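Spelled out from the first residue to the last, the chains are:
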Amino acid sequence: MNIIDELAEQIADANRRYHALGTPLFSDAEYDALVDKLQELAPEHPVLQQVGNRPSVDGVRHTTPMLSLQKAYTEEEVRAWMATMPAGRFRWDMKYDGLAVELRFDEHGLLRQAVTRGDGHVGQDITHIVQQMSNIPTGQPLSALRGELCVLLNTFAKKGGKHPRNVAAGIVAAKEHGVYTPADLVFLAHACGDRMDPDLLHCALRTSAAGCLLPVDGIVIFHERWQELGFTSHHPKGAIAFKFPDQPAEATISHVDWQVSGTGILTPVAIFKTPVLLSGASVSQATLHNLSTVQSLGVQPGCKVRVVRRGGVIPHVEVVTDPGPGGVSSAPPSACPMCAERTRIEERPGSKVVVCTNLQCPAAAARRLERWCKAVGADGFGPAICDGLVAQGASDILQLYQLVTAPTFATSTSRRNLADALRTSRVVATDKLLFGLGLPGLGESLSRQIARAVPLEQLFDTDAAELAAEIPGLGVPTAQGVLRSLQMRMTEVATLVAHEYIDYVDVVQPVRQGALSGEVVCFTGELTIDRLTATGLAESVGATVVNGVTKKTTLLVAADDTPSTKYKKAQQLGVRIIDGLSFLQRAGYQ
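Thresholds applied
Residues numbered from 1 in each chain as written. Predicted model: local features only at pLDDT ≥ 70, side-chain atom pairs only at ≥ 80, totals over all residues. Heavy atoms only, no water. Helix = DSSP H or I, 4+ residues; strand = E, 2+ residues; numbered from the N terminus. Contact = heavy atoms within 4.5 Å. Areas by Shrake-Rupley, 256 points an atom, 1.4 Å probe, with all protein chains shown as cover. Salt bridge = Lys/Arg side-chain N within 4 Å of Asp/Glu carboxyl O. Buried < 20%, exposed > 50% of the residue type's maximum accessible area, 1.4 Å probe, protein only. Pairing = 2+ DSSP bridges. Axes fitted to C-alpha atoms, helices over the stretch in contact; angles between N-to-C directions. Phe/Tyr/Trp six-rings, centres within 6.5 Å; stacked < 30°, edge-to-face > 60°. Lys NZ or Arg CZ within 6 Å of the ring centre and 35° of its normal. Arc of directions from axis to C-beta. Parallel < 35°, antiparallel > 145°, perpendicular 65-115°, else oblique. Left-handed = near helix turned anticlockwise from the far one by under 90°. Core = buried A, V, L, I, M, F, W, Y, C linked by side-chain atoms within 4.5 Å. pLDDT = per-residue confidence, 0-100. Disulfide = S-S within 2.5 Å. Expected span 1.5 Å × (residues − 1).

(A) Region of the structure containing the overall build of the protein. From N to C terminus, the protein includes 21 helices and 24 strands. Considering only contacts in the protein between residues 6 or more positions apart, those separated by 24 or more positions represent 66%. On the protein, roughly 27,000 Å² of surface is accessible, and the fraction owed to carbon and sulfur atoms is 52%.

Here it is in structure tokens:
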């Protein structure tokens, strides 16, 4: 697997741990460094469009996607973003560090349902949790309200925990017993707050949350016409989150632990002699990403480093403050720490990595099994369990099923639970199957897009150009790589199905029939409903919604007669133009 695939896999795993489990794998700074590197090497990679993580249980589909925000850590980054925006005013509001949710209300303004963000498209129903909270609004004129579930800092100071956000996620996941209850959560609504003069930007970005009881980790800046400026599948283009910098801590490095990933790449992790306190959390280690980072920083046992946790999530080693007794960077291992086979150093775009040369490395095999089990929803197969299964001879997915489902395996309650977990997760959605195979370049987002576009049996015979044409933003070279890798695993999948270890269910999205079936719709101007709702409404009656007017656009919905760029281009191309009221009537909006 090349560096692009490795970055994509790390980001996808971090998304799953952060959004689904409430146990961050990296700090915000480290996570964004990975994202920045992937954007540099492969700006169109599908994993960059991923928002969160799909719930492991049956979920609730959002009417309109719950998107994330692009982030900035410096005033220069914010000003550079503002320079890309059209003329107009900006607004700002506090950025709360909690669990994103949507509250849905009935016609009387009473809470009807509460749903987590999940992967942005499907969330988890947590109504039973939210009903136990004390500050849920009533008498709402809106049908839905989005915001964050948070733990107040004074509550956290009394009861403790790793981090307020982790505690909030633990309460929702029913992992916090005794100390915390749902009554300790508060709901803080998202809003477009005070207007901000760009000339006073420096002051706004230095706004301090000190003394505030709310878990604030930054501010969100909106262009006043942010809904009109369009969206990626990950974030609105007209908004950005500025994350407050955290105070650093100094740590002494005990040693560098080289951990084997499912791709055979060894990831260096700095282990601290004594844990340090960052953003209220005790931190004992920090990933160093790759060999290039170790060498450029000069990290070695006994050195002192400055560690930050920007945004309060993932520890990041900024610089070596004292080189210690050795004065040279830690040498990479010449042998794999797990299988003792020799390693080699490979030059990847922008970095050097250490790779185990053993294609049958048990540690890499265990991580691949762990990925598969997580993807298909087979609970209980953690790192230690997968290590043990590989030691017993299960070095691939087929051998996993052969070992665990054999009658001779279930000799204890824990083993029976593992066998039951595989059996109960036997029916696999094709997007989960594709992601679980760990194909190069195939993250959760692209797996979902492919599965929705093409049935699995047809996918084995699909041409790369045809697949790329089905999925916006997917290039032919990436499609070729995915299909080539899938062809190599075709026999394995067929064998799993033939032996009834798994069965798959296609998740192809049928073409919706409705008043706008076949229409390619673009919006301009401000409607009486927000842009996300309008998009969801158009799609629900069969339309495809695009951000710009092209030759393929068949309908422009113009909220007013203002001659916008989209309006003028639609006139030039002969695209039909209707007003917002006509659109709502055609879509059957009540």
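On we go from here.
(B) Looking closely at the pattern of salt bridges. Inspection of the entire model under this criterion finds 16 salt bridges. Between K243 and D217 there is a salt bridge; the shortest N-O distance is 3.8 Å. Placement of K243 in strand 11 (residues 239-243) and of D217 in strand 10 (residues 216-223) is noted, with a sequence separation of 26 residues between them. For E346, the salt bridge goes to R344, with nearest N and O atoms at 2.6 Å.

(C) Spatial organisation of the environment of G230. Of note, G230 is situated in the loop between strand 10 and strand 11. Taking the relative accessible area as the measure of exposure, G230 reaches 5% and is therefore buried. Separated by 294 residues in sequence, G230 and T524 place their C-alpha atoms 9.5 Å apart.

(D) Broad picture of the sheet that holds strand 8 (residues 185-189). The strand order across the open sheet built from 4 strands is 5-4-7-8, with neighbouring strands paired in antiparallel fashion. Every other strand in the sheet has two partners, leaving strand 5 (111-116) and strand 8 as the edge strands with one partner each. Put simply, the sheet's adjacent strands are angled 35° from each other on average, direction ignored. Alignment of strand 7 (residues 144-151) against strand 8, held across 5 bridges, turns out to be antiparallel. Each residue of the ladder has a partner; that of E148, found in strand 8, is L188. On the sheet, helix 6 (residues 164-172) packs against strand 4 (99-105), strand 5, strand 7 and strand 8 and is oriented at approximately 115° with respect to strand 7.

(E) Expanded view of the sheet that holds strand 24 (residues 576-579). Pairing in this open sheet of 4 strands is parallel, and the strands run 22-21-23-24 from one edge to the other. The sheet is open, and its two edges are formed by strand 22 (544-545) and strand 24, each paired on a single side. Docked against the sheet, helix 20 (residues 565-573) engages strand 21 (520-524), strand 23 (555-558) and strand 24, running at close to 145° with respect to strand 23.

(F) View of the packing of aromatic side chains. All chains considered together, the criterion is met by 4 aromatic pairs. Seen from their ring centres, F523 and F583 are 5.1 Å apart, and the 80° between their planes marks the pair as edge-to-face. One end of the pair, F523, is in strand 21; the other, F583, is in helix 21 (residues 580-586), and 60 residues separate them in sequence. Taking the ring centre of Y180 as reference, the NZ or CZ of K159 above it sits at 5.5 Å. The side chain of R371 reaches across the aromatic face of F435, ending 4.2 Å from its centre.

(G) Molecular detail of helix 10 (residues 383-391). Looking only at helix 10, the buried set comprises C386, L389 and V390. All buried residues of helix 10 project into a common sector of 100° when viewed along the axis, lining one side. With respect to the buried face of helix 10, the exposed residues turned more than 90 degrees away are A384 and A391. Where helix 10 is buried, its residues touch helix 9 (362-376) and helix 11 (397-404). Downstream of helix 10 by one or two residues, G393 has phi in the positive range, about 110°.

(H) Examining the pairing of strand 11 more closely. Counted residue by residue, strand 11 has 5 buried out of 5 residues, so it is predominantly covered. Of the two faces of strand 11, the one lined by A239, A241 and K243 and the one lined by I240 and F242 are each fully buried. Here 3 bridges tie strand 2 (residues 70-72) to strand 11, and the two strands are oriented parallel to one another. From the neighbouring strand, A72 faces strand 11, where its bridge partner is F242. With 5 bridges connecting them, strand 10 and strand 11 associate as antiparallel partners. Residue I219 lies in a different strand from strand 11, and its bridge partner there is F242.

(I) Quick look at the packing of helix 11 against helix 12 (residues 413-424). Following both chains from N to C, one finds helix 11 and helix 12 inclined at 125°, their axes separated by 10 Å at the closest point. The orientation of helix 11 with respect to helix 12, classified from their angle, is oblique. For helix 11 against helix 12, the interelement crossing comes out left-handed. Facing helix 11, whose interface residues are L400, Y401 and V404, helix 12 presents L418, A419 and L422.

(J) Geometry of the nonpolar core. In this structure, W372, F381 and L400 are the most contacted members of the largest nonpolar core, which totals 49 residues. Those residues in contact with W372 that lie beyond four places of it in its chain are I397, L400, Y401, L433, G436, L437 and I502.

(K) Local environment of the confidence of the model for the protein. Averaged over all residues, the pLDDT of the protein is 81; the fraction at 70 or higher stands at 81%. Mean pLDDT in the protein bottoms out at strand 9 (residues 194-196), which sits at 59, and peaks at helix 11, which reaches 95. Every residue in residues 51-57 scores below 50 in pLDDT, and together they form 32 contacts with partners more than four places removed in sequence or on other chains.

(L) Layout of the environment of A375. If you trace the backbone, A375 turns up in helix 9. Residue A375 is classed as buried on the basis of its relative accessible area of 11%. Put simply, A375 and L437 are 62 residues apart on the chain and 8.8 Å apart in space, counted from C-alpha to C-alpha. Excluding residues that lie within four positions of it along the chain, A375 makes contacts with K432, F435 and G436.

(M) Just unusual backbone geometry, in detail. Positioned with a positive phi, A340 is a non-glycine residue whose angle comes to about 70°. Along the chain, the position of A340 falls in the loop between strand 16 (316-322) and strand 17 (343-348). In this structure, E500 is a non-glycine residue whose phi angle is positive, near 60°. With respect to the helices and strands, E500 occurs in the loop between helix 18 (490-498) and strand 20 (503-505).

(N) Spotlight on the state of the cysteines. This model, assessed by the stated rule, comprises 0 disulfides. Not part of a disulfide, C336 finds its nearest cysteine sulfur in C339, a span of 3.7 Å. A relative accessible area of 3% means that C336 is categorised as buried.

(O) Fine view of helix 17 (residues 476-488). An ideal rise of 1.5 Å per residue puts 18 Å on 13 residues; helix 17 measures up with 18 Å between its terminal C-alpha atoms. Where helix 17 is concerned, the buried positions are A479, G481, V482, L483, S485 and L486.

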